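The residues making up each chain are set out below.
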Amino acid sequence: MRTLLLAVFLSVLALAAVGLPRQDPGPSAPRGRILAVGGGGTTDAIAARAIALAGGPKAHMLIVPQASSSEDAGASSVEFWRAAGVLDVQVLALADRDAARAAIGAADFVCMPGGDQNRLMQALREADVLDAIRARYRDGALVGGTSAGAAVLSATMIVGGKSADLESVRAQGTEVADGIGLWSDALIDQHFLKRQRFNRLLAGVLDHPELVGIGIDERTGVVLQPDGSCEVVGDGGVVVIDARAATVRSAEPSTRHSADSMRLAVYRDGDRFTLTAPKKR
């Protein structure tokens with residue numbers, strides 16, 4: 001009798017469950033990878049790592065050259081990557097929006113060379129292809145950039161290199177704009193050690209303490225994996241400034257910043273790190 005009642009009870013639960021609405025699992029984590037290079041040239045080691053991450057020499061590579069004002073923008077990048085061993089390298093044209101989105105959707109490696117990050121963002125925004133790049137990254141492509149192409153990878157993008165205050169750390173002393181937003185919790189700076197941009201990145205981080213500053217030197221890259229781990233490849237260093245658990249005291253625009261208990265790390269080729277948020281003290 002008890003066995004029969006138990007069977008009936010389980011059957012009722014099963015039937016009830018069929019009618020219950022399914023819970024939304026939420027958006028899935030991106031399956032793609034990011035490669036942010038600090039400018040100053042792409043080393044053989046960075047190129048080899050990029051090709052491997054994209055799937056090998058037969059990967060479909062798409063150069064996005066709109067950061068440059070040159071009429072033949074992208075030609076040198078095509079030549080470089082073909083010499084590095086990539087068999088299929090194309091240049092993104094934005095005149096035909098549908099064709100541009102299709103090219104992005106077919107790419108295994110979306111690569112954005114240097115120039116002016118504001119020019120690049122404006123071109124991609126006007127062509128309405130930003131969502132196509134985001135979707136391709138979510139679906140598993142490698143998206144990389146060097147110099148200006150690295151800056152646009154974050155959601156908050158550093159701009160205004162010539163106007164930056166390199167002699168003090170002041171509130172709103174680092175000019176920012178909207179980037180593509182693939183690396184949402186990072187604030188990326190490039191040519192970092194070569195051009196002595198520590199103050200610029202530090203001020204930007206203290207203006208936006210929810211973001212982690214990633215200062216990438218020339219001929220150096222950072223790979224972000226889907227699990228959130230990072231690896232450094234190249235000749236230079238990477239400086240990480242983390243103020244998420246720091247005490248950041250409010251400051252009026254143009255006045256000096258004040259903060260303590262920040263985290264600072266320096267990494268080199270072969271080092272790995274994660275941006276797991278530390279706990280507040």
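In case you missed it, the structure is sitting above this.
Given the structure is predicted, the values throughout are model-derived calculations rather than measurements.

Reading guide: rules and limits
- Residues numbered from 1 in each chain as written.
- Predicted model: local features only at pLDDT ≥ 70, side-chain atom pairs only at ≥ 80, totals over all residues.
- Heavy atoms only, no water.
- Phe/Tyr/Trp six-rings, centres within 6.5 Å; stacked < 30°, edge-to-face > 60°.
- Helix = DSSP H or I, 4+ residues; strand = E, 2+ residues; numbered from the N terminus.
- Buried < 20%, exposed > 50% of the residue type's maximum accessible area, 1.4 Å probe, protein only.
- Pairing = 2+ DSSP bridges.
- Axes fitted to C-alpha atoms, helices over the stretch in contact; angles between N-to-C directions.
- Polar contact = N/O pair within 3.5 Å; in protein donor to acceptor, adjacent residues only side chain to side chain.
- Contact = heavy atoms within 4.5 Å.

As for the packing of aromatic side chains
Considering all chains together, one arrives at four aromatic pairs under this definition. Seen from their ring centres, Trp81 and Phe109 are 5.4 Å apart, and the 85° between their planes marks the pair as edge-to-face. Linking Trp81 in helix 3 (residues 75-84) with Phe109 in strand 4 (residues 109-112), this pair joins segments that are 28 residues apart in sequence. Classification of Trp81 as buried rests on a relative accessible area of 6%. Ring geometry for Phe192 versus Phe198: centroids 6.4 Å apart, planes at 55°, classification tilted. Given the relative accessible area of 34%, Phe198 is considered partly exposed. A network of ring pairs unites the aromatic residues Phe80, Trp81 and Phe109 as a single cluster.

A look at the sheet that holds strand 4
Pairing within the open sheet is mixed, and its eight strands lie in the order 3-2-4-5-1-10-11-16. Only two strands of the sheet have a single partner each, and these edge strands are strand 3 (88-91) and strand 16 (272-274). The average undirected angle you get between the axes of adjacent strands in this sheet is 20°. The pairing of strand 11 (residues 229-234) with strand 16 spans three bridges and is classified as antiparallel. In the sheet register, Glu231 faces strand 16, and the bridge partner there is Arg272.

Some thoughts on the side chain of Asp189
Examined against the element boundaries, Asp189 turns out to sit in strand 8 (residues 186-189). Note on Asp189: relative accessible area 0%, which makes it buried. Side chain to side chain, Asp189 and Arg200 meet in a polar contact 2.4 Å long. Each residue touching Asp189, except ones within four places of it in the same chain, is listed here: Ile158, Arg197, Arg200, Leu201, Ile214, Gly215 and Ile216.

Honestly, that's just the spatial picture; any functional story needs more than this.
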